[in-house]
Amino acid sequence: MNIALILSYDGTRFHGWQMQKNLPTIQQCVTDAVRQTLGQEVTVSGVGRTDAGVHARRYVANFHADCSIPMDRLPLALNARLPQEIAVWGAAVVPEEFDARFSCLRKEYSYYICPGRIRDPFEVNRSYFYPYELDVDAMNRAAQYFVGRQDFAAVRSMGTPVKSTVREIFYCNVDQIDKLVRIRVCADGFLYNMVRAISGTLLYAGQGKFAPEAVADILKSCDREQAGPTLPPGGLYMTRLWYEDQTLMSFGLDGTPRGNAE
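The rules we used
- Residues numbered from 1 in each chain as written.
- Predicted model: local features only at pLDDT ≥ 70, side-chain atom pairs only at ≥ 80, totals over all residues.
- Heavy atoms only, no water.
- Helix = DSSP H or I, 4+ residues; strand = E, 2+ residues; numbered from the N terminus.
- Rg over C-alpha atoms; globule rule 2.2 N^0.38 Å.
- Buried < 20%, exposed > 50% of the residue type's maximum accessible area, 1.4 Å probe, protein only.
- Contact = heavy atoms within 4.5 Å.
- Polar contact = N/O pair within 3.5 Å; in protein donor to acceptor, adjacent residues only side chain to side chain.
- Arc of directions from axis to C-beta.
- Pairing = 2+ DSSP bridges.
- Core = buried A, V, L, I, M, F, W, Y, C linked by side-chain atoms within 4.5 Å.

Colleague: Looking at this model, I keep getting lost on the overall build of the protein. Mind explaining?
Modeller: Per the secondary structure count, the protein includes six helices and 10 strands. For 262 residues, the compact-globule estimate of 2.2 N^0.38 gives 18 Å, and the C-alpha radius of gyration of the protein, at 19 Å, lies within 12% of that figure. The C-alpha extent of the protein, read off along each of the three principal axes, is 60 × 40 × 35 Å. Taken across its 262 residues, the protein has 53% of its residues classed as buried.

Rendered as structure tokens:
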């Protein structure tokens, strides 16, 4: 059977999702937990390759295996073998052709910035400390220029080669939650470091380094040097996912949590 897992993790001490030799990764931990629980060799695939230090409030992985454990009990069995930074809070049998990555319709990432004169030690590795005030309204106005189907070469780092740097962003919003500034970006796909570069560009707009309208010209230039910096990974979270499978969506992947989804 094909089994999908819904999980969350704090990525601070991990070297991203994907397995790496002699380095701790989320994929390795989840794979080991599944193998130990089911007593079978399995390959666990994930919805995306989050980088070292990046977090996920919602993440989906899947694997094929024989499993006699009821789906409502499987998360408990796996969590007993996972480190405290990783938690499986849902499991479901999905169609054989389902793939966590390729069946995903769209994703949302959120980036958190903590502006102010004094850093909050409880936000270290969970948001980006910025020792100045930010114009959140200007950031949100700048964010709207990222919306639509266009070339995002100006806000990506060189990494795995891609056929095209064109993607569609469905929404890009900036708001403030208590002391944190939150940037939310939803798209049909993302380039390497794209959200962190978008966040750095919006940071510059919030600091007044350029007008919000300048983002349009930055994108048209396709020149990475004209955009803002790539912000550190600790402020980045995968926060929402969309699939056609309604069993998966019932777990609150789109931001309407059920049970322990939050």
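Colleague: Would you take a moment to explain unusual backbone geometry for this structure?
Modeller: What is expected of a backbone is that most residues other than glycine have negative phi and most peptide bonds are trans. A positive phi angle is found at N125, which is not glycine, with a value near 70°. Its place among the elements puts N125 in the loop between β5 (106-115) and β6 (128-130). The phi dihedral of D178 is positive, around 55°, even though this residue is not glycine. Within the secondary structure, D178 is located in the loop between β8 (166-177) and β9 (180-187). Classification of D178 by relative accessible area gives exposed; the value is 73%.

Colleague: Looking at this structure, how should I read the side chain of T50?
Modeller: Position of T50 relative to the elements: it lies in the loop between β2 (45-46) and β3 (55-64). In this view, T50 contacts Y9, G16, W17, Y59, Y109 and M238; residues no more than four positions away in its chain are not counted.

Colleague: Hey, could you run me through the side chain of S8 in this one?
Modeller: Of note, S8 is situated in strand β1 (residues 2-9). A distance of 2.5 Å separates the side chain of S8 from the backbone oxygen of R57, its partner in a polar contact. Among residues more than four places away in sequence, those in contact with S8 are A56, R57, R58, E85, I86, A87 and W89.

Colleague: Explanation requested: helix α3 (residues 136-143) in the structure shown.
Modeller: One turn of an α-helix holds 3.6 residues; hence residues three or four places apart share an orientation. Of all the positions in α3, only V136, A138, M139, A142 and A143 are classed as buried. The arc that holds every buried residue of α3, seen down its axis, measures 160°, which confines them to one face. Elements that come into contact with the buried residues of α3 comprise β5, β8, β9, α4 (194-207) and α5 (214-221). Where α3 begins, one side-chain oxygen reaches toward the backbone nitrogen of D137, 3.2 Å away; that side chain belongs to D135.

Colleague: Explanation requested: the pairing of β1 in the structure shown.
Modeller: Within β1, eight of the eight residues are buried, leaving the element largely enclosed by the surrounding structure. Burial of the side chains of β1 extends over both faces: N2, A4, I6 and S8 are buried on one face and I3, L5, L7 and Y9 on the other. In the sheet, β1 pairs with β3 via seven bridges, with the strands oriented antiparallel. Of the residues in β3, the one forming a bridge with N2 is H64. Pairing between β1 and strand β4 (residues 86-94): eight bridges, direction antiparallel. The residue of β4 that forms the bridge with A4 is A92.

Colleague: Please clarify how the nonpolar core should be interpreted in this entry.
Modeller: For soluble globular proteins, nonpolar side chains are generally found buried alongside one another. Counting residues in hydrophobic clusters, the biggest one holds 84 residues, and the most contacted among them are L5, L7, V30, I113, F146, L202 and Y243. Looking at this core, the element that brings in the most residues is α4, giving seven residues. Other than its neighbours up to four places away in sequence, F146 contacts F152, V155, I169, C172, I198, T201, L202, V215 and L219.

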